[in-house]
Amino acid sequence: MYLKPLRFLFLLIPVISFAQNQTKIIAFLDPDNDLLEIEQTLTVTNDSNEDWDRVVLLDWANSFSSKETALANRFAEDFKNRFQFANDEDRGKTVISTDNGSKDYTIHRLDDQQDIVELLLDTPLKPKESKTFELKYSVQIPEDDFTNYGKTSKGEYNLKYWYLHPANFVDGSWEYYSHKDLDDFYGKTIDFTISLHTPTNLFATSNVPLTLYAPTGVRNSYLFEGKSYSQADLYLRNTNDQFKTFKTNDLLVTTDIKEDDLAPEMKQLLLNKITGFLTDKLGPYPHDNLVVSDRFYRESPVFGLSSLPEFINPFPAGFTYEVRMLKALTRKWLDEGLKTNPREDYWIASSIAVFAMMDYQQIHYPDLKIAGKFSKVWGLRSFNAAKLGFNDRYALLFLNTSRLNLDQAITTPADSLVKYNQELGIPYKAGVGLLYLDNYLQDDALDKTIKELYAASSSKTISTADFRGVLDAYTDQDINWFFEDYIRSHVRMDWKIRSIKKEDDSVTVKLKNKSGRMLPVPIYTLDNDSIVSTRWLPAFARDTVVTLSRKRANRIALNYKQLIPEFSQRDNYRTLKSLPSLSRPLSLKLFKDVEDPTKTEVFLIPDLGYNLYDGVSIGARFYNGNLLPKPFRYGINPTYGTNSGKLIGSFGFAYSKPIEDRSERLYQVRYGAGANTYSYADDLLYRRVSTFLNLSYRPEDLRSNKRQTLSFRNILVNRDRDESNPVNEPDYNVFSINWNHSDPNLKRFFSYRVGAEISGKFGKLNGSAEWRKLFKDNRQLNFRFYAGTFLYNDTGDSDFFSFALDRPTDYLFDYNYYGRSEDSGLFSQQLIVAEGGFKSQLEPAFANRWITTLNSSYSIWKYIYAYGDVGLVKNTTVAPKFVYDSGIRVNLLQDYFELYFPVYSNNRWEIAQQDYDQKIRFIVTLDINTFVNLFNRRWY
């Protein structure tokens, strides 16, 4: 057993290089032009066994040079528009002088990766040989609006990736990739000598140690020197007292992370506590001074903690500062001390960071709740969220994507993860997974492995295979389940207790593995909430049976300590008590909460709504949804209309079946039914009953914004009659089928829809397509095409089911009209771009045979657009009529808040006509779910 670690660790010992890789940089800052003029002497050593015909350099400062780089495309995918609309001088770039004074190499920038530079060698560099390159270039510093690094609004500078850095050569090839704002720089460890010269009003701090500071009346000059650094960061501030240095037992810590109410002595004590823990947990920090900035912390903050104002901080004095510093120092410790490929093996460092933080929390604050002192406040303490431990947040936040069927394998490269998974889901799932593994092993093998990997990575890049090999050397237990299943599969983990059979002194439990994941699972016997016994069950594919002692136990539970981030624990409990005791008793609770898997929960919240006819509606909503999505959801929503004096509301249920096979484009099947009743005019109610089936499709690449949906609906509508204004078709039943395709992106948007509607007296075919393009000059062009035709139409003279030119009748009650029956006044001016999509109110307003329209707009200046619509409207017995309108569109927030000012149309110069204010149209979205979707598109 003791020889196993030695045999594997021998493989981690690299061949010692005879020369160091080093760079010497002379940099002058020109703040008037936000320019760094750099002369760099770079010496690289071929530390491989192969000849090099080139040397690859990372020039991530040039990632900002155009709107077509990998970084720019990443911003567009995440709907970040600041970079797209920024001026050229605010974005940044690198300009390299091609006059290198030498004829034995050529400087070449990759065509498809503008932030990667090759030095093409005329003579190959042999193993163990070194070569020196003299490089001269200028770096245009970007604004910090894009990545939080660059020039700030205060005229200060936070600089990362500001120089040329050699890439790594691993296993016979160069490993490099482009900047994508993932904080995953992967350069060779080198020795730095930096001579920096700034104006006298800027003071520099760097993670590379300062060896000389020479201020003069002209400039401030600095000399930074350090060995074996993975990168060099610079912070140029207007004052020289923003960074404070604290001496701990292990090293110096320099930081500008503030906590004004905390005394320096207390900060010193907390930092000493943290660095001591990290030294014991991981190993010593590889340098004598650790610099961590507030900008670095904000790259990956403690989720939810940073947004708390001081006056409601529920945690002990100093805890907020402590946990922020713990997060920042742990990341920095691993960035410098654990060398991995942070994009391909993103999970290694991120999981160890979370695992270490959980361990620290358990040691120093084992009883701290996620709500802090609020967990003891009357009215709050009954919430499940208030009872969660501080470490419970990791599994909870991961489960969000698991419930949405957006989970990804832990080993997925960082740039292939959706934003939520990259920042929260995968690090938390991986960290919880290490805790799961550690509890399963029940020894110190995992801690020893982490320390060994940390020590070995000073001279070797650590991979997943290395992690597995070292852990295998330290334990005799099976760990294949962790490396072959847990980290490589995205399929949800889920077990259930199918049945129990009680005997006098034992109980036989039949278990089902609902997911098929081959993972061990713990089963517990409980005395109320106290653990009587724990037993780890080896992995089983589908069903298994286990017999347990009943001694002192009155409950059986699977995964009781929630070591496994399980999809659902609602079927993990069985009572051993006699009837009428229930395994999951009913619980009625006010307001939404975190799920309690031991109870059947019904939530109740007040509900307010509004439409013109019912006025403000007041009521309550009963539902089973909690803070996390769940497959089956129902809601009952009775309300009272204060204006109509009527009982109105809705109820519905839906079930979502995730399709976890990502090779299939179908990723979710959702079906359900619902009914609602509201006023559609004064003293007139409609009643709507619907059933639906949706088949949702999504590419295997979850970062793609492409979505497709095939939907089937049947809608039954019953409406009160108005005797003074009778309608031909007060009641109707419509079956519809629709195919929707959308591929949204900041720079280009495309969608189309085709559908059919069948009813007793009419049948329709219709379709639309929309295309939107944002050009390099920040001009935007929009086109939308719509066409519809009746297959048959026996509705008589009524236009209730006809195609609308500018304001659909919405007989299926799909649109959120605030005054759906209004013909005049403000509410009649609400615009929903559907069917014809016109903005002017023209005649004929409806088509009972067919319609085709084209809507377009083009940006004039920022949010100001010119729009124009053209179309043909065909009604029975009359020839098709050509219609058109044009005007000015103010696009404050696309599809959410827009204004339309008609100028010229079939009605001639509308802008010069009376009552022009009544011709203005508006789009206003008040639905909170719509705004949530606007936020979600960046994260999912």
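Residues numbered from 1 in each chain as written. Predicted model: local features only at pLDDT ≥ 70, side-chain atom pairs only at ≥ 80, totals over all residues. Heavy atoms only, no water.

Section: the overall build of the protein chain
Heads up, the condition is: Labels follow the DSSP assignment, with helices taken as runs of H or I lasting at least four residues and strands as runs of E lasting at least two, numbered in each case from the N terminus. In this treatment the radius of gyration is a C-alpha quantity, and the globule benchmark scales as 2.2 Å times the residue count to the 0.38 power. Each residue is placed in one exposure class: buried if its accessible area under a 1.4 Å probe, protein chains only, is under 20% of its type's maximum, exposed if it is over 50%, and partly exposed if it falls in between. Any two residues having at least one pair of non-hydrogen atoms within 4.5 Å are treated as being in contact. In these tables, accessible area is a Shrake-Rupley quantity obtained with a 1.4 Å probe, and a residue counts as shielded only by the protein chains included in the view. In this tally, Asp and Glu contribute negative charge and Lys and Arg positive charge; neither His nor the terminal groups of the chain are included. Charge coordinates come from a single atom per side chain, which is NZ of Lys, CZ of Arg, CG of Asp or CD of Glu.
In terms of helices and strands, the protein chain carries 15 helices and 47 strands. The C-alpha radius of gyration computed for the protein chain amounts to 32 Å, which stays within 12% of the reference 30 Å derived for 940 residues, consistent with globular compactness. The dimensions of the protein chain, computed from C-alpha atoms along their principal axes, are 95 × 85 × 55 Å. Counting the 940 residues in the protein chain, one finds 54% classified as buried. When contacts within the protein chain are restricted to residue pairs at least 6 apart in sequence, those whose partners lie at least 24 apart make up 62%. When the accessible surface of the protein chain is split by element, carbon and sulfur atoms take 53% of a total near 42200 Å². Within the protein chain, one finds 115 positive and 120 negative side-chain charges whose respective centroids are separated by 5 Å.

Digging into the sheet that holds strand E19 (residues 252–255)
Spelled out, the test is: A pair of strands is labelled paired if DSSP reports no fewer than 2 bridges between them. Lines fitted to C-alpha atoms define the axes, with helix axes restricted to the stretch in contact, and inter-axis angles between N-to-C directions lie between 0 and 180 degrees.
Judged by pairing direction, the sheet is mixed, and its three strands sit side by side in the order E18-E19-E20 without closing on themselves. Among the strands making up the open sheet, the edge pair consists of strand E18 (244–247) and strand E20 (289–292). Ignoring strand direction, the axes of neighbouring strands in this sheet form an average angle of 20°. Sheet topology places E18 next to E19; four bridges connect them, and they run antiparallel. Within the sheet, the bridge partner assigned to Phe246 lies in E19 and is Val253.

With respect to the sheet that holds strand E14 (residues 203–206)
Strand order in the open sheet formed by four strands is E8-E9-E17-E14, and the pairing between neighbours is antiparallel. A single partner strand is all that each edge strand has here, and the edge strands are strand E8 (150–151) and E14.

Some points on the packing of aromatic side chains
Worth spelling out the cut-off: Put simply, two rings from Phe, Tyr or Trp (the six-membered ring, in Trp's case) pair if the centres are within 6.5 Å, and we call them stacked under 30 degrees between planes, edge-to-face over 60, tilted for the rest. In our convention, an over-ring charge means Lys NZ or Arg CZ found within 6 Å of a ring centre and within 35 degrees of that ring's normal.
Going through the model one piece at a time under the given rule, you end up with 62 aromatic pairs. Ring geometry for Tyr222 versus Phe224: centroids 5.9 Å apart, planes at 10°, classification stacked. Taken together, a centroid distance of 6.4 Å and an interplanar angle of 40° make the contact between Phe632 and Phe653 tilted. With a gap of 21 residues between them, Phe632 in strand E31 (residues 632–641) and Phe653 in strand E32 (residues 647–658) connect regions that are remote in the sequence. We classify Phe653 as partly exposed; its relative accessible area is 37%. Each member of the aromatic cluster is reached from another via a ring pair, and the members are Trp347, Tyr436, Tyr440, Phe467, Trp481, Phe482, Phe483, Tyr486 and Trp536. Over the aromatic face of Phe83 sits the side chain of Arg91, whose NZ or CZ is 5.5 Å from the ring centroid.

Here's the deal with the packing of helix H10 (residues 392–403) against helix H11 (residues 419–441)
Quick reminder of the rule: Orientation categories follow fixed angle ranges, with anything under 35 degrees roughly parallel, anything over 145 roughly antiparallel, 65 to 115 roughly perpendicular, and all other angles oblique. Crossings are sorted by hand: turned counterclockwise from the far helix by less than a right angle, the near helix makes the crossing left-handed, and turned clockwise it makes it right-handed. Ten residue types, Ala, Val, Leu, Ile, Met, Phe, Trp, Tyr, Cys and Pro, are classed as nonpolar, four, Asp, Glu, Lys and Arg, as charged, and the remainder, Gly among them, as polar.
Close contact between H10 and H11 brings their axes to 8 Å; oriented N to C, the two are set at 125°. Classified by the angle their axes make, H10 and H11 are oblique. With respect to the hand of their crossing, H10 and H11 are arranged in left-handed fashion. Facing Arg393, Tyr394, Ala395, Leu397, Phe398, Asn400 and Thr401 of H10, the residues of H11 in contact are Tyr420, Asn421, Gly425, Tyr428, Lys429 and Val432. Split into classes, the residues belonging to the contact of H10 with H11 amount to seven nonpolar, four polar and two charged.

A short note on the packing of helix H5 (residues 264–281) against helix H8 (residues 346–364)
Direction vectors running N to C along H5 and H8 enclose 120°, while the axes themselves pass 11 Å from each other. In terms of orientation, H5 lies oblique with respect to H8. Like other packed secondary-structure pairs, H5 and H8 cross with a definite hand, here right-handed. Only Phe355, Ala356, Asp359, Tyr360, Ile363 and His364 of H8 make contact with H5, whose side of the interface consists of Lys273, Ile274, Phe277 and Lys281.

Topic: the pairing of strand E33 (residues 666–681)
Two elements, E32 and E33, share ten bridges in a ladder whose sense is antiparallel. The residue of E33 that forms the bridge with Gly652 is Gly674. Two elements, E33 and strand E34 (residues 684–697), share 14 bridges in a ladder whose sense is antiparallel. Within the sheet, the bridge partner assigned to Gly672 lies in E34 and is Phe692.

With respect to the pattern of salt bridges
To keep it simple, the criterion reads: Basic side-chain nitrogens of Lys or Arg form a salt bridge, by our definition, when they fall within 4 Å of a carboxyl oxygen of Asp or Glu.
As enumerated under the stated definition, the model contains 50 salt bridges in all. As a salt-bridge pair, Asp529 and Arg555 come within 3.0 Å of each other at their nearest N and O atoms. Remark: Arg555 occurs in strand E26 (residues 555–558) and Asp529 occurs in the loop between strand E23 (521–527) and strand E24 (530–537); sequence separation between them is 26 residues. Classification of Arg555 by relative accessible area gives buried; the value is 14%. Where salt bridges share partners, they join Glu259, Asp294, Arg298 and Arg324 into one cluster.

Some details on the confidence of the model for the protein chain
Here is the rule we go by: Every residue carries a pLDDT, the predictor's confidence in it, which falls somewhere between 0 and 100.
On average, residues of the protein chain score 90 in pLDDT, and 94% of them are at 70 or above. Predicted confidence is poor over residues 1–19, with pLDDT under 50, and the contacts of this stretch with residues over four places away or in other chains come to 29 contacts.

Quick notes on the environment of Lys512
Position of Lys512 relative to the elements: it lies in strand E22 (residues 506–513). With near-sequence residues (within four places) excluded, Lys512 lies in contact with Asp494, Trp495, Lys496, Arg498, Phe540, Arg542 and Asp543.

Some thoughts on H8
In plain terms, the rule: In a helix, the anticipated span is given by 1.5 Å times the number of residues less one.
For H8, with 19 residues, the first-to-last C-alpha span of 28 Å sits near the 27 Å given by 1.5 Å per residue. Burial of H8 is extensive: 15 of the 19 residues sit out of reach of the surface.

Topic: the domain arrangement of the protein chain
As a measure of interface size, the accessible area lost when the parts come together is often cited. Selection rule: What fixes the domain bounds is an automatic or database domain assignment.
Domain boundaries assigned for the protein chain yield domain 1 (18–241), domain 2 (243–337), domain 3 (346–356 + 366–485), domain 4 (500–583) and domain 5 (728–937). In this structure, domain 4 and domain 5 have C-alpha centres spaced 57 Å apart.

Focus on a nonpolar patch on the surface
Here is the rule: Residues enter patches when their relative accessible area tops 30% and they take part in no salt bridge; the joining distance is 9 Å for like charges and 5 Å for the nonpolar side chains Val, Leu, Ile, Met, Phe, Trp and Tyr.
A contiguous nonpolar patch, built from Phe750, Trp771, Phe775, Phe783, Phe785, Leu854, Tyr858, Val870, Leu872 and Phe882 and spanning about 820 Å² of accessible area, is present on the exposed surface. Elements represented by at least two residues in the nonpolar patch include exactly strand E39 (780–793), strand E42 (850–861) and strand E43 (864–874). With respect to the secondary-structure elements, Leu872 resides in strand E43. Residue classification places Leu872 among the partly exposed positions, given a relative accessible area of 33%.

Looking at the environment of Ala263
Structurally, the position occupied by Ala263 is in the loop between E19 and H5. For the pair Ala263 and Gly318, spaced 55 residues apart in the sequence, the C-alpha separation amounts to 9.3 Å.

Notes on unusual backbone geometry
With omega at 0°, the peptide bond leading from Glu843 into Pro844 counts as cis. Tracing the backbone through its elements, the reader meets Pro844 in the loop between strand E40 (803–804) and strand E41 (846–847). Residues other than glycine seldom take positive phi values, yet Asn528 does so here, at roughly 60°. Positionally, Asn528 belongs in the loop between E23 and E24. For Asn528, a relative accessible area of 42% corresponds to the partly exposed category. One non-glycine residue, Glu835, lies in positive phi territory at about 50°. Overall, Glu835 belongs to the buried group, its relative accessible area being 14%.

Here we look at a negative patch on the surface
A cluster of acidic side chains, namely Asp661, Glu664, Glu700 and Asp701, defines a negative patch on the protein surface. Mapped onto the elements, Glu664 comes out in the loop between E32 and E33.

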